[in-house]
Amino acid sequence: MLINILAEKIHDGRFIRLISELLKAGYLEEWTFNASLSGVPQGGVVSPILSNVYLDRLDKFVEQTLIPAYTRGSRRKNHPEYKRVHKRMWTLAKAGRKQEAKVLRRTLQRLPARDPLDPDYRRLRYVRYADDWLLGFCGPRAEAEAIKRQLGEFLRTTLRLDLSEAKTLITHARSEAARFLGYEVVVLDNDTSRDQHGHRNINGQIGLKVPVGVIRTKCRAYSRNGKPIHRTERTVDSIYSIVAQYQAEYRGVAEYYRMAFNLHRLGRLKAVMEQSLTKTLAHKLKTSVPQVYRRFRATAEVDGRTYKVLQAVVERGTGKKPLVARWGGIPPRWRITATLDDQPPRIWSTRSELLERLLAATCELCGSSEDVEVHHIRKLADLRRKGQGEKPAWVRRMAARQRKTLVICRTHHEEIQYGRCSWRNFTKHDTGEPGAAKVARPVRRAADRKVLTHAGR
């Protein structure tokens, strides 16, 4: 079915055949090969794009068929009881019977201003992210079940997909929460929240919450039997790396749930991670947790506020800024316009070697200590691509060390970035000193000469 959808727009047999072979390639799970019987391989680089292409017909069905059918009315009608009590309250207030009017006002505040059962008002909203989608509907449950049946029939007949009854749930948003992308989606209901005019301003608004289960799951990685523990596997790293890893992990969770209005729940995770961090540092330094606090306690100013933090500083000599790793100082502030990042950077547990290489401040190709930088590659497989001729020395060195980073001076970094670093042996830069060898400039390729000649014309 997916191949037919692609073939409608893409008239390239080689590309269609490539995608077809990809769908049949299989996948590895727990280092065991499994055949792909159906669907798109989970975790593939093109899986999100293929999912969007396949589910585009679902988007069009919802937007062009369901939403027009289940959306009507400009606004809800006034609630008849609310209107009657409101009129009576003003009549009593004008007559000077303020005490009776005050009692009616309290009754009025417990009634909805608009009729929630208005048969002439319906709203249907739709959002999808990859294969996870959510429908928001204002209307009776019977119509919500009818929408679910139509979706199931469309997926079964048109896209040949089965609607999961266990995951596709109909929830009452004011009393229950719907799960979407790790958030809990609810409809807010609070009669005590008022605007400057004294009107209720929060009822009926959509709110996002951090699920309690997420906090428990995150805390489980840093605790045992309900108590925070030290992470033994991280004691081989430097103090700077340990603090940086804990901070990066907590920041990833805090930034992902920045749109939730109950960010105070992250306080539990922060407390557990901080205890785990101090215990890990105490285990590494063979000391106690209070001594860890006394040694690394500091303050940091973030957005005009001062926070107590734990800070590890690594000096790098005169003229260079020290390396600073900090735990804390991330304010749990709600921000509905935050960008949702579902792929936070992965935290690796072995960074001490990179830290030592950075502190050495020496080019690993020529030995220079001027303007030292770090060259990164995306993956080690890029170093072993076939059909590219003889590999330059910097590629062979990174492949031999099985490292995706190379500490080099700025000159060699620019040569690598612009594709001109192809000599076999690296020597010192020409400094004018006796015995210093000059680095020969590489010869431009023929394609470069043609481009320059054409640009000169």
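Residues numbered from 1 in each chain as written. Predicted model: local features only at pLDDT ≥ 70, side-chain atom pairs only at ≥ 80, totals over all residues. Heavy atoms only, no water.

1. Overview of the sheet that holds strand β11 (residues 305-314)
Point 1. One open sheet accounts for three strands, arranged β10-β11-β12; its pairing is antiparallel. The open sheet has two edge strands, β10 (297-302) and β12 (323-327), and neither has a second partner. Strand-to-strand twist in this sheet, taken as the mean axis angle between neighbours without regard to direction, amounts to 50°.
Point 2. The pairing of β10 with β11 spans six bridges and is antiparallel. When the sheet's bridge partners are listed, Val302 is paired in β11 with Arg305. (Pairing = 2+ DSSP bridges. Helix = DSSP H or I, 4+ residues; strand = E, 2+ residues; numbered from the N terminus. Axes fitted to C-alpha atoms, helices over the stretch in contact; angles between N-to-C directions.)

2. Overview of the pattern of salt bridges
Where side chains of opposite charge bring their charged atoms close, a pairing between them can arise.
Point 1. According to the stated counting rule, one finds 15 salt bridges in the structure shown.
Point 2. Of the charged contacts, one joins Arg231 and Glu233 as a salt bridge, the two residues approaching to 2.6 Å between their closest N and O atoms.
Point 3. By relative accessible area, Glu233 is classed as partly exposed at 41%. (Salt bridge = Lys/Arg side-chain N within 4 Å of Asp/Glu carboxyl O. Buried < 20%, exposed > 50% of the residue type's maximum accessible area, 1.4 Å probe, protein only.)

3. Looking at the confidence of the model for the protein
Point 1. For the protein, the mean per-residue pLDDT works out to 79, and 84% of the residues sit at or above 70.
Point 2. When pLDDT is averaged over each element of the protein, helix α11 (residues 289-296) comes out on top at 94 and helix α15 (residues 446-456) at the bottom at 33. (pLDDT = per-residue confidence, 0-100.)

4. Thoughts on the nonpolar core
Point 1. Within the largest apolar cluster, 38 residues are counted, with the highest numbers of intra-cluster contacts made by Val243, Tyr250, Tyr257, Leu266, Leu277, Leu281 and Trp327.
Point 2. If you list the elements that add at least two residues to this core, you get β6 (183-187), α8 (212-220), α9 (239-256), α10 (266-285), α11, β11 and β12.
Point 3. Counting residues per element, this core draws most heavily on α9, at nine residues.
Point 4. In contact with Leu266, not counting residues within four places along its chain, are Val210, Ile215, Tyr250, Val253 and Ala254. (Core = buried A, V, L, I, M, F, W, Y, C linked by side-chain atoms within 4.5 Å. Contact = heavy atoms within 4.5 Å.)

5. Some words on the side chain of Asp237
Point 1. Mapped onto the fold, Asp237 is located in the loop between β9 (227-228) and α9.
Point 2. One buried charged side chain, Asp237, makes no salt bridge at all; its nearest oppositely charged neighbour is Arg234, positioned 6.0 Å away. (Lys, Arg positive; Asp, Glu negative; His and termini not counted.)

6. Some words on the sheet that holds β6
Point 1. Taken in spatial order, the three strands make up an open sheet running β5-β6-β7, and their pairing is antiparallel. The sheet is open, and its two edges are formed by β5 (178-180) and β7 (206-209), each paired on a single side. Averaged over all neighbouring strand pairs, the angle between strand axes comes to 35°, with direction disregarded.
Point 2. Pairing between β5 and β6: three bridges, direction antiparallel. Bridge assignment links Arg179 to a residue of β6, and that residue is Glu184.

7. Some remarks on helix α3 (residues 47-54)
Point 1. By the burial criterion, the buried members of α3 are Ser47, Leu50 and Tyr54. One face of α3 carries all of its buried residues, which in axial projection span an arc of 65°.
Point 2. Buried residues along α3 sit against α1 (2-9), α2 (13-23) and α4 (56-69). (Arc of directions from axis to C-beta.)

8. Overview of the packing of aromatic side chains
Point 1. One pass over the structure, following the stated rule, counts seven aromatic pairs.
Point 2. For the pair Phe61 and Phe154, a centre-to-centre distance of 4.2 Å together with 5° between the ring planes defines the contact as stacked. On the criterion of sequence distance, the pair formed by Phe61 in helix α4 and Phe154 in helix α7 (residues 141-157) is long-range, its members being 93 residues apart. Neither residue differs from the other here; Phe61 and Phe154 are each classed as buried. (Phe/Tyr/Trp six-rings, centres within 6.5 Å; stacked < 30°, edge-to-face > 60°.)

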